[in-house]
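Each chain is listed here by its residues.
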Amino acid sequence: MTTEAERRVSYDSERQEYYRETANRPGFREALAKALVQNGEQRVFDFIFEGNTYFVKQQNKKHKRRRFRWHKRDDGFEMELMRCKRAYEICDAAPELVLATAEYFVTLGNGTPLQVLIKPDVSDEITNRAFYGAGRVLSRLHEHGLAHGRPVLRDIAYDWEHDKTVLLDWENTYEFSFVSSISLDILLFLHGYFREEIDRPGAIAAAIEGYMAEDNGKIRFMAARSFLLQRRRLVELFKKFDRFGWIDLQAITMAYDYLLAMEIPS
């Protein structure tokens, strides 16, 4: 297993950039420069170097469409970069950060999003292994006192070849006085699963099993479960709106019903 020391990212004060040795390989910066010219207007894009896929995220590019983000603190590009870097170095929960400047950062590609792997045409073996890994990586992050902010299925990627799962897109941070960021992570993950409206019960069970497999995982999961189950009246109110087909509310009620009925492991 890669150690924390081996994951550490170096800093070049002259260039004012964070980097790993990959960024200094012959041809890497040329390939990156070419990709920036070709895709400069895109906020996020990928390019290939020596057979590997790398993703670039730029600071000053905007989303193509506006997204409503409730109670989101705007941490900015630098904060996202630092959160990604820290999660990678401390517990290997983020993509490998290859290069970071004031304008963009580059990470190594990390497989396929869970949002794709949950589709009915994907085998149970692949889907369940991916979700088990998702549970473990999220729990490992939490064990180190860190939170992701929005661990929905499209922001979790699984690499079948290396049996590795990482969390993507570290720009979201939510803070509420009435719930811990760790419990909120767990509930948002469950909400994201039920929001897909695809019945893969083995997948969500595998994710919970993976989460509890990490140190103190069961304690953290049960705390999140208790938080939601204590909101019975609110959930009953949400259920009155089921006929309108509002999937975000329906996903909350489905997560509630699942947690209420689930068998608690000893």
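As the structure is a prediction and not an experimental result, all values here were calculated from the model.

1. Side note on the packing of helix α5 (residues 124-143) against helix α6 (residues 181-195)
Stage number 1. For the pair α5 and α6, the least separation of the axes is 10 Å and the interaxial angle reads 165°. By the angle between their axes, α5 is roughly antiparallel relative to α6. The way α5 lies across α6 gives a crossing that is right-handed. Listed contacts from α6 to Phe 131, Ala 134, Leu 138 and His 142 of α5 are Ile 182, Asp 185, Ile 186, Phe 189 and Tyr 193.
Stage number 2. Each residue belonging to the contact of α5 with α6 can be placed in one class, and the counts come to 7 nonpolar, 1 polar and 1 charged.

2. A closer look at the state of the cysteines
Stage number 1. Enumeration over the complete set of coordinates arrives at 0 disulfides.
Stage number 2. There is no disulfide at Cys 84, and the cysteine sulfur nearest it, in Cys 91, is 11 Å away.
Stage number 3. For Cys 91, a relative accessible area of 3% puts it in the buried group.

3. Brief notes about the side chain of Arg 20
Stage number 1. Positionally, Arg 20 belongs in the loop between β2 (17-19) and α2 (28-39).
Stage number 2. Its relative accessible area of 18% is what places Arg 20 among the buried residues.
Stage number 3. Side chain to side chain, Arg 20 and Glu 96 meet in a polar contact 2.9 Å long.
Stage number 4. Look past the residues within four positions of Arg 20 in its chain and what remains in contact with it is Glu 6, Arg 7, Arg 8, Val 9, Tyr 88, Glu 96, Leu 97 and Val 98.

4. Description of the sheet that holds strand β3 (residues 44-49)
Stage number 1. Taken in spatial order, the 6 strands line up as β1-β2-β5-β6-β4-β3 in an open sheet, and their pairing is antiparallel. Each having just a single partner strand, β1 (10-12) and β3 make up the two edges of the open sheet. Neighbour to neighbour, the strand axes of the sheet diverge by 25° on average, direction disregarded.
Stage number 2. Bridging between β2 and strand β5 (residues 97-100) involves 2 bridges; their strand directions are antiparallel.

5. What about unusual backbone geometry?
Most peptide bonds adopt trans geometry, and most residues besides glycine take a negative phi value.
Stage number 1. Positive phi, close to 60°, is recorded for Asp 92, a residue that is not glycine.
Stage number 2. Phi is positive for Glu 197, close to 55°, though the residue is something other than glycine.
Stage number 3. Position of Glu 197 among the secondary structure elements: in the loop between α6 and α7 (201-213).
Stage number 4. Relative accessible area serves as the criterion here: at 60%, Glu 197 is assigned to the exposed category.

6. Focus on the sheet that holds strand β9 (residues 164-167)
Stage number 1. With antiparallel pairing, 3 strands are arranged side by side in an open sheet as β7-β8-β9. Every other strand in the sheet has two partners, leaving β7 (112-113) and β9 as the edge strands with one partner each.
Stage number 2. Examined bridge by bridge, strand β8 (residues 156-159) and β9 share 4 bridges and lie antiparallel to one another. Paired with Ala 157 across the two strands is Val 166, which belongs to β9.
Stage number 3. α5 rests against β8 and β9 of the sheet, and its axis sits at about 55° to β9.

What counts and what doesn't
- Residues numbered from 1 in each chain as written.
- Predicted model: local features only at pLDDT ≥ 70, side-chain atom pairs only at ≥ 80, totals over all residues.
- Heavy atoms only, no water.
- Axes fitted to C-alpha atoms, helices over the stretch in contact; angles between N-to-C directions.
- Helix = DSSP H or I, 4+ residues; strand = E, 2+ residues; numbered from the N terminus.
- Parallel < 35°, antiparallel > 145°, perpendicular 65-115°, else oblique.
- Left-handed = near helix turned anticlockwise from the far one by under 90°.
- Contact = heavy atoms within 4.5 Å.
- Nonpolar A, V, L, I, M, F, W, Y, C, P; charged D, E, K, R; others polar.
- Disulfide = S-S within 2.5 Å.
- Buried < 20%, exposed > 50% of the residue type's maximum accessible area, 1.4 Å probe, protein only.
- Polar contact = N/O pair within 3.5 Å; in protein donor to acceptor, adjacent residues only side chain to side chain.
- Pairing = 2+ DSSP bridges.

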